[in-house]
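The chain contents come next:
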Amino acid sequence: MRLFAYALREYDELGYMREAASQMGFEFDWTSEYPTLENAHLASRHDALCIITNPMPADLLDAFWAQGVRYLSTRTIGYEHIDVAHARELGMRVSNAPYPPEGVANYAIMLMLMAQRKVKLLARHSAAQDFGLRGKLGKDISTSTVGVIGTGRIGSTVVRHLSGFGCKILAYDPYPNDDVGAHATYVDLDTLLAQSDAITLHAPGLAENYHMLDSAAFAKMKDGMVLVNAARGMLVDTEALVAAVESGKVGAAALDTIENEADLYYRDLSRDVLPNRDRSVLMAFPNVIVSPHMAFYTAEDVRAMIFNSAGALLAFSRGEETPFELRA
């Protein structure tokens, strides 16, 4: 197998890719550029393509198919950036790359703690040498009722780790996980929204979950609740969230992912004017944290993303099955 990797980061991913190539026995070339119609020719003479969160619409998939690419893997769990249905129409096999759940789970809990203890406001004031206490009273997670929406691998890990804080945990998922029942109480979504002091999202980015939290959902929540999203930006209606923050319905939010963030993160855009007004508005609030979709970013997870992505592509090249294959 000859693999070509786009948007490969030389300061972390490249080392793991070299390790994977040595252990698994494949050749690869790479670029730090994101894939475009203009640079699709770089993948010529390669049968496998490895990407990250960059959009892969039908015309770009057609271009790579014309270059001889037959297998595609994204180094992410999420795959909504790929037109998987069109890839399969072409005959291109596609996979994602799961990684250990602890990194995202613990990051979500960290965000919740930061939001409840008003760390963004504290940091701003401390930098200005304002060491007063007014307006900085936080809430202890141990006395909170925490709602966990989605109890797959990451959500169930959040529940297990949260249980050590002593908080009451409510959970919602159309497909309950028996292991979660040892630490949390499954309830319907409306009950979770109404009773939770803090809510953390871990639902998948499926069409039926689009704007799961809209204005109607926010209206059912406690005044001053805390929202954490380290899952998918499309789960939250940004306009409704802004209104909820402005009204005080949402007392704080900590967001690792937001809507319309494609092609935004993992690049140095410090000198650019970003065409993303939602992010600008959210960042302006003293009680809203926005981090650049990096809950996954641990050494353990990055290595797993590279190895699982390469492993799936190798399975494709050998005509074998892989649990990571995506079927539209």
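Residues numbered from 1 in each chain as written. Predicted model: local features only at pLDDT ≥ 70, side-chain atom pairs only at ≥ 80, totals over all residues. Heavy atoms only, no water.

Visitor: What exactly am I supposed to notice about the pairing of strand β3 (residues 48-51) here?
Guide: Side chains on a regular strand alternate between the two faces of the sheet. Burial along β3 is two-sided: Ala48 and Cys50 facing one way and Leu49 and Ile51 facing the other are all buried. The sheet contact formed by strand β1 (residues 2-5) and β3 spans three bridges and is parallel. Looking at the pairing, Leu3 lines up with Ala48 of β3. With four bridges joining them, β3 and strand β4 (residues 71-74) adopt parallel strand pairing. Considered in β4, the bridge of Cys50 is made with Ser73. Between the parallel pair β3 and β4, the chain is carried across by helix α2 (residues 58-66), and the sense of this crossover is right-handed. (Buried < 20%, exposed > 50% of the residue type's maximum accessible area, 1.4 Å probe, protein only. Helix = DSSP H or I, 4+ residues; strand = E, 2+ residues; numbered from the N terminus. Pairing = 2+ DSSP bridges. Right-handed = clockwise from strand over helix to strand, strands pointing away.)

Visitor: Even after reading the chapter, I still don't get the sheet that holds strand β12 (residues 288-290), so can you show me in this structure?
Guide: Pairing between sheet strands relies on hydrogen bonds along the backbone, with the strands arranged either parallel or antiparallel. The seven strands lie next to each other as β8-β7-β6-β9-β10-β11-β12, forming an open sheet whose pairing is parallel. In this open sheet, the two edge strands, each paired with only one partner strand, are β8 (185-186) and β12. Strand direction decides the pairing type here: strand β11 (residues 250-255) and β12, joined by three bridges, are parallel. Its bridge partner being in β12, Ala253 is matched across the sheet by Val288.

Visitor: How should I be thinking about the packing of aromatic side chains in this particular structure?
Guide: Centre-to-centre distance and the angle between the planes together describe a pair of aromatic rings. What the rule picks out here adds up to seven aromatic pairs. Ring centres of Tyr99 and Phe296 lie 6.5 Å apart, and the angle between their planes is 50 degrees; this geometry places the pair in the tilted category. Note that Tyr99 is positioned in the loop between β5 (93-95) and α4 (102-116) and Phe296 in the loop between β12 and α11 (299-317), a separation of 197 residues in sequence. A residue is classified by how much of its surface remains accessible, and Phe296, at 6% relative accessible area, is buried. Aromatic pair Tyr266 and Phe296: ring centres 5.9 Å apart, planes at 85 degrees, arrangement edge-to-face. Taken together, the residues span a long stretch of sequence, with Tyr266 in the loop between β11 and α10 (277-284) and Phe296 in the loop between β12 and α11 at a distance of 30 residues. Classification of Tyr266 as partly exposed rests on a relative accessible area of 28%. Three or more aromatic residues link up through ring pairs in this structure, and these residues are Tyr99, Tyr266, Phe296 and Tyr297. Above the ring of Trp65, the side-chain terminus of Arg70 is found at 3.6 Å from the ring centroid. The ring of Phe307 is capped by Arg303, whose NZ or CZ atom sits 4.0 Å from the centre of that ring. (Phe/Tyr/Trp six-rings, centres within 6.5 Å; stacked < 30°, edge-to-face > 60°. Lys NZ or Arg CZ within 6 Å of the ring centre and 35° of its normal.)

Note that every value here comes from positions in space, so none of it alone points to a role or purpose.
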